[in-house]
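# Structure assessment
Spelled out, the chains give:
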Amino acid sequence: MDVTKALSEMAARQPHVLLVEVPGWSNTRIFTERELFRRSWIESNSPADSDILLTCGTPSDDLNEVLDRVWDQLPGPRVRVKVNHPTEVADVLDQAREALVECSAQQKDALTRTAVKIPHAAVTQSPSNDPASPGTGHGGMDHGGMDHGGMDHGGMDHGGMDHGGMDHGGMGMPMPGGIGLAEGGPDRDGLGLDVLHVSLGPVLRYWPAGLVVRCALQGDVITEASVDLMAGSPTEKAPSVGEVLGSSSGAGGDGARLLSVRYCDQVASLLALMGWERFAWRAFRVRDGLLGGMPLEDAVSELSALGRGISRSKVFRWSFKDLPEVLERLDALVGRARWVLEADTHSGEPCLRYTADEESGRLQQVPGLIVGLDLFAARLVIASLGLDTVAAARVGGVDA
């Protein structure tokens, strides 16, 4: 084994994986997270910190274009893979690691990497900056014989130079990645602050699958917002309940178990986003335990203990006292994860699901809930809603 191969093997012992969930494939994403934890691999938060881009599900064309741009941001060595079914997760991860240490393939990828494409309109030059333009341009000036060595700029005073009337509109100065500069605008206090237009999602950890929130920011405060959804491929279907749990889809216990898994996942994601890893890992443990066959009674007991810990922690409640609605929704999510199991134990029927119309209505409320909040608070509010973007997309007309 040569030195390059040995170093590659050593570096790939704990790959950083950027997970992207396609709407409808949440179960595949949950099984993937479970397998990453078992292998002690690291789930990354950004493309710059990632070795592997793993897509859970089959994206639509629009979502795939976004993933192409994310892929361009991954540093090499890098690997891009896709997994549809939970049973394929282990094999796909094995193949990804093998590709990560394949030196010849990585060298070829490095030579053919796609440069960031900036729209032509963003780089249009003004006449004064045109190399072929006479007059003020330097295109025809020969600096070959000009000696700047003896030129003394020490006494030059730029203090009185007035740039107030200078128009930079035609300079065509693109920012990295083609992102434009912020614009000016009055804030809620009547002051003039920069307004920056950004999009949150759809590739964001602890974020509803396929959700895009377009925001206008002044500082880190959201002043305007709208929502949109990116769907999965219309020709591919996500695995059913029975396929996920390895049993017949008609089993009532499986439906309740998988619904509780979904609520536990929402609880764990919200707690992790809040920064309370101790509570988050307890929720993740219950989630993974339910997938592994944990008795429903044990899961109910664990969730009850988690709920008591959250409600009794004075430091936790004080830390988020300015967002009481987030704490209320967190308590409700923990209760739903427990109640659905208790209801199944007694009646055999899963319960506590929102209808498609209700999910669509909750999604339409997002802009009104986050305007006026900073980015962190807005992310907490969205995570606390526990949105089902697949159900909301069935109603359509989501572009608030």
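Owing to the predicted nature of the structure, the values given are computational and were not obtained by experimental measurement.

### Here's the deal with the overall build of the protein
Within the protein, the secondary structure is distributed over 15 helices and eight strands. In the protein, which comprises 400 residues, the share counted as buried stands at 43%. Pairs at least 24 residues apart make up 69% of the contacts formed inside the protein by residues separated by at least 6 positions. In the structure as shown, the protein presents an accessible area of about 21700 Å², 54% of it carried by carbon and sulfur atoms.

### What to know about the packing of helix 2 (residues 26-39) against helix 4 (residues 89-100)
The description of two packed helices rests on the angle between their axes and on the distance between the axes. Running from amino to carboxyl end, helix 2 crosses helix 4 at an angle of 55°, the nearest separation of the two axes being 10 Å. It follows from the interaxial angle that helix 2 and helix 4 lie oblique. Regarding helix 2 and helix 4, the two cross each other, and that crossing is right-handed. In this structure, helix 2 contributes Thr-28, Phe-31, Thr-32, Glu-35, Leu-36 and Arg-39 to the contact, and helix 4 contributes Val-89, Ala-90, Leu-93 and Asp-94. In the contact of helix 2 with helix 4, the residues fall into five nonpolar, two polar and three charged.

### Quick look at unusual backbone geometry
Pro-77 follows Gly-76 through a cis peptide bond whose omega is -5°. By the secondary structure assignment, Pro-77 is in the loop between helix 3 (61-73) and strand 4 (79-83). In the segment running from Gly-201 into Pro-202, the intervening peptide bond is cis, with an omega of 5°. Looking at the element boundaries, Pro-202 is found in the loop between strand 6 (192-200) and strand 7 (211-218). Here the phi dihedral of Ser-40 falls at roughly 65°; this positive angle occurs in a residue that is not glycine. In this structure, Ser-40 sits in the loop between helix 2 and strand 2 (42-43). One non-glycine residue, Tyr-206, lies in the positive phi region at around 55°. Mapping Tyr-206 onto the fold places it in the loop between strand 6 and strand 7.

### A word on the environment of Ala-105
Its location among the elements puts Ala-105 in helix 5 (residues 103-111). Spatially, the C-alpha atoms of Ala-105 and Arg-78 are 10.0 Å apart, while their sequence positions differ by 27 residues.

### Considerations on the packing of aromatic side chains
Within this structure, the stated rule accounts for six aromatic pairs. Relative to Trp-281, the ring of Phe-37 has its centre 5.2 Å away and its plane inclined at 35°; by these criteria the two rings are tilted. Taken together, the residues Phe-37 in helix 2 and Trp-281 in helix 8 (residues 277-291) connect sequence positions 244 residues apart. On the numbers, 5.3 Å between centres and 55° between planes, the contact of Trp-281 with Phe-284 is tilted. Here the residue Trp-281 and the residue Phe-284 both occupy positions in helix 8, the gap between them amounting to three residues, near one helical turn. Under the relative-accessibility criterion, Phe-284 is labelled buried at 9%. An aromatic cluster is defined as three or more aromatic residues linked by ring pairs; in this entry it consists of Trp-276, Phe-279, Phe-316 and Phe-320. Taking NZ or CZ as reference, Arg-39 lies 5.2 Å from the ring centre of Trp-41, over its face. Over the ring of Phe-279 we find Arg-278, and its NZ or CZ is 4.5 Å from the ring centre.

### Some points on the nonpolar core
Counting residues in hydrophobic clusters, the biggest one holds 65 residues, and the most contacted among them are Leu-211, Val-213, Leu-271, Met-274, Phe-316, Leu-330 and Ile-370. It is helix 7 (residues 252-274) that provides the largest number of residues to this core, a total of 13 residues. Those residues in contact with Ile-370, other than ones at most four positions away along the chain, are Val-213, Ile-222, Ala-225, Ala-378, Val-381 and Ile-382. The next biggest cluster of nonpolar side chains, apart from the first, holds 17 residues, and it includes Trp-41, Leu-54, Val-89 and Leu-93.

### What to know about the environment of Leu-259
Take Leu-259: it is sitting in helix 7. For Leu-259, a relative accessible area of 2% puts it in the buried group. The spatial distance from the C-alpha of Leu-259 to the C-alpha of Val-340 is 7.5 Å, given a sequence separation of 81 residues.

### Comments concerning the pattern of salt bridges
By the definition in use, this model includes 18 salt bridges. Ionic pairing is found between Arg-38 and Glu-35, a salt bridge with its closest N-O pair at 2.6 Å. One end of the pair is Arg-38 and the other is Glu-35, both in helix 2 and three residues apart, which spans about a single turn. Between Arg-285 and Glu-302 there is a salt bridge whose closest N-O contact spans 3.5 Å. Here the residue Arg-285 occupies a position in helix 8, and Glu-302 occupies one in helix 9 (residues 296-312), the gap between them amounting to 17 residues. Exposure remark for Glu-302: the relative accessible area of 28% places this residue in the partly exposed category. Salt bridges linked by common partners bring Glu-21, Arg-29, Glu-33, Asp-265, Arg-287 and Asp-288 together as one network.

The rules we used
All residue numbers refer to position in the chain's written sequence, counted from 1. Confidence filtering applies because this is a predicted model: local features only for residues at pLDDT of at least 70, side-chain atom pairs given and counted only at 80 or more, and all residues used for totals across whole chains, interfaces and linings. Just so you know, side-chain values use all the structure's heavy atoms and leave hydrogens and water out. Labels follow the DSSP assignment, with helices taken as runs of H or I lasting at least four residues and strands as runs of E lasting at least two, numbered in each case from the N terminus. Under the scheme applied here, a residue whose accessible area is under 20% of the maximum for its type counts as buried, over 50% as exposed, and between as partly exposed, the area being computed with a 1.4 Å probe on protein chains only. Note on contacts: a residue pair qualifies if any of its non-hydrogen atoms lie within 4.5 Å across the two residues. Computed with the Shrake-Rupley method and a 1.4 Å probe, the accessible areas treat only the protein chains shown as cover for residues. Between the N-to-C directions of two axes lies an angle of 0 to 180 degrees, each axis being a line fitted to C-alpha atoms and, for a helix, fitted only over the stretch in contact. In these notes the angle categories are as follows: under 35 degrees is roughly parallel, over 145 is roughly antiparallel, 65 to 115 is roughly perpendicular, and the rest is oblique. Helix crossings get a hand from a simple test, with the near helix turned counterclockwise from the far one by less than a right angle marking a left-handed crossing and a clockwise turn marking a right-handed one. Under the grouping applied here, Gly and all other residues not named as nonpolar or charged are polar, the nonpolar ones being Ala, Val, Leu, Ile, Met, Phe, Trp, Tyr, Cys and Pro and the charged ones Asp, Glu, Lys and Arg. Pairs were defined over the aromatic rings of Phe, Tyr and Trp, the Trp ring being its six-membered one, requiring ring centres within 6.5 Å. Orientation was assigned from the angle between planes: stacked under 30 degrees, edge-to-face over 60, tilted for the rest. Both a distance and an angle decide whether a charge sits over a ring: NZ of Lys or CZ of Arg must be within 6 Å of the ring centre and within 35 degrees of the ring normal. In plain words, nonpolar cores are sets of buried Ala, Val, Leu, Ile, Met, Phe, Trp, Tyr and Cys residues tied together by side-chain atoms within 4.5 Å. Counted as salt bridges are all cases of a side-chain nitrogen of Lys or Arg within 4 Å of a carboxyl oxygen of Asp or Glu.

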